[in-house]
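# Fold and contact review
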Protein chains: 2
Amino acid sequence: MAGDKLFPFVTTDVALFTLDGDALRVLVVKRTNEPERGRWALPGGALKPSLDEDLAASARRVLAEKVRFDIPYLEQVCAFSGRDRDSRGWSISVLFYALLPKDRIDAVAGHKTEAIEWVDPDRPGRELAFDHDRQLAEALAQLRAKIEHDALPLHLLPDRFTLTELQRACEAITGEALDKSAFRRRLKLREGKEFVEVPGEFAEGAHRPAQYYRRTRGFRF
Amino acid sequence: MAGDKLFPFVTTDVALFTLDGDALRVLVVKRTNEPERGRWALPGGALKPSLDEDLAASARRVLAEKVRFDIPYLEQVCAFSGRDRDSRGWSISVLFYALLPKDRIDAVAGHKTEAIEWVDPDRPGRELAFDHDRQLAEALAQLRAKIEHDALPLHLLPDRFTLTELQRACEAITGEALDKSAFRRRLKLREGKEFVEVPGEFAEGAHRPAQYYRRTRGFRF
DNA sequence: GCAATAGTGTCTATTAGACAATATGGG
DNA sequence: CCCATATTGTCTAATAGACACTATTGC
């Protein structure tokens, strides 16, 4: 058995966030294997040292089983550990969060044998397996902390987006309404560095067309 | 051998910070065991699932071998991992940082067979073993990021301290000079919550005595 | 014109930085 | 009194929030 005496059992789990319309959502999957079979959990899986370059690669590999899209953004949150969090014995789970552009939400699907669901990260609506409720809370807290200070949720948006879409994305993450004018004022400072106008391209719609923007190459949070 | 196929080799490392006078310092130890014997490194050691409740407990146990003082503050930074970072094979190191009050700096000593040193975390002055240069940089970055927004370095100070000492500690961490007036103005908002005046107690000295303060019970960063 | 959304301008209360002024000890 | 440090006050420029205003489309 795995987590007996000398070595702990190591897994990676991923909180994959996206936007469903204007609402922030996180992916949960129904477990098809023991332990905790049939319960909902964050996607995750055992580290395979023979396959994985490092923990981040392990998380990407696990995620690739669910998502047909090369996840652009993956960030480590922290490690959870202990004797009791997994019935298989002393274990470590290294948690990551990842961001999926809203127009790629369909790239996520379960296998025939497993169910997936996008849920409100503040109220998953079900008790998650293992310590995944805590994990989710921690991932969400870090995502929010990050956006406060140095980040923009550009990775949740399509390749072309309007400033209003960007504002909605920020509001979805923080859960608070933002003032349009103040928001745009702040954006002016970052414009050119992390994203730029796409000259002459505008969103179609029933009302005044909105200027399109795009991420710049080499953009980082 | 350890990190072969199925299970990685797991260690914890600790960046232990303190103040030497007004300067921020971090503990490095000379390794007495293979691999990398004789090189300087952050203190660390192998996880022992039979002894350790979780990773934080493991870090505390490792640290207790060097420090005769119950470390009040220990925080996880992140995990480092991969096939090549440790010659023993596929490994994970979970990094923590800890804060030692400046008046307890003498509680740290090596065994007869090992040397210790307090070094400037910005310029350790020697190349550290494994990936500990990167680890140290990351720990320092997180310490600085934390102090920016929600933290005060109260854990680096003795039980009683003056506001000037607190300011010096903040400056030591950020590396930047702070304005006295603005600093105290900000402190007024936190006073009572995280620390309080000790009425009638003043620092002795050649000049005007300074009011002593102390941490409040149950204070958290 | 009207509704709806995009985008800009303005006013004000708050804040942060710079720096001056005052207070209090030891010699 | 002088010096060094503690502590407080003041001035000002920058900022953030609230909200009003203008612009542009489809109908």
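Residues numbered from 1 in each chain as written. Chains lettered and ligands numbered in written order. Predicted model: local features only at pLDDT ≥ 70, side-chain atom pairs only at ≥ 80, totals over all residues. Heavy atoms only, no water.

### Focus on the relation of the copies chain A and chain B
Mapping chain A onto chain B calls for a rotation angle of 180 degrees and an axial translation of 0.0 Å; the resulting RMSD is 0.1 Å. Read as a symmetry element, the transformation amounts to a two-fold axis. Across chain A, the rotation axis passes nearest the C-alpha of Cys78 of chain A, at a separation of 2.8 Å. Of the interface residues in chain A, 100% have counterparts in chain B that sit at the interface too, so the contact is made through matching surfaces. (Least-squares fit on C-alpha atoms with pLDDT ≥ 70 in both. Contact = heavy atoms within 4.5 Å.)

### As for the pairing of strand S5 (residues 73–82) of chain B
Residue and element names in this part refer to chain B. S5 sits mainly inside the fold: seven of its ten residues count as buried. Pairing of S5 with strand S6 (residues 91–99) involves nine bridges; the strand directions are antiparallel. Residue pairing across strands places Leu74 opposite Ala98, the latter belonging to S6. (Buried < 20%, exposed > 50% of the residue type's maximum accessible area, 1.4 Å probe, protein only. Helix = DSSP H or I, 4+ residues; strand = E, 2+ residues; numbered from the N terminus. Pairing = 2+ DSSP bridges.)

### Re the interface of chain A and chain B
With 25 residues of chain A at the interface, the matching set in chain B holds 25 residues. Between chain A and chain B the total buried area reaches about 2200 Å² when both faces are included, carbon and sulfur atoms providing 60% of it. The largest contributions to the chain A side of the interface with chain B come from Phe7, Pro49 and Trp90 of chain A, which together make up 26% of the buried area. Our enumeration of links across chain A and chain B arrives at two salt bridges. Here chain A and chain B share 13 residue pairs in polar contact (both at pLDDT 80 or more) between them. Breaking the side of chain A that touches chain B down by element, the ones donating at least two residues are strand S1 (9–20) and strand S5 (73–82) of chain A. Of all the elements, S5 of chain A adds the most residues to the side of chain A that touches chain B, at five residues. Residues that form the side of chain A that touches chain B fall into these classes: 14 nonpolar, five polar and six charged. (Buried area = accessible area lost by both parts, 1.4 Å probe. Salt bridge = Lys/Arg side-chain N within 4 Å of Asp/Glu carboxyl O. Polar contact = N/O pair within 3.5 Å; in protein donor to acceptor, adjacent residues only side chain to side chain. Nonpolar A, V, L, I, M, F, W, Y, C, P; charged D, E, K, R; others polar.)

### Digging into the packing of aromatic side chains
For the coordinates displayed, the defined rule picks out eight aromatic pairs over all chains. Where Tyr73 of chain B meets Tyr97 of chain B, the ring centres are 6.3 Å apart and the plane angle is 50 degrees; that geometry is what we call tilted. On the criterion of sequence distance, the pair formed by Tyr73 of chain B in strand S5 and Tyr97 of chain B in strand S6 is long-range, its members being 24 residues apart. Each member of the aromatic cluster is reached from another via a ring pair, and the members are Phe17, Tyr73 and Tyr97 of chain A. Above the plane of the ring of Trp40 of chain A lies Arg126 of chain A, whose end atom (NZ or CZ) is 4.7 Å from the centre. (Phe/Tyr/Trp six-rings, centres within 6.5 Å; stacked < 30°, edge-to-face > 60°. Lys NZ or Arg CZ within 6 Å of the ring centre and 35° of its normal.)

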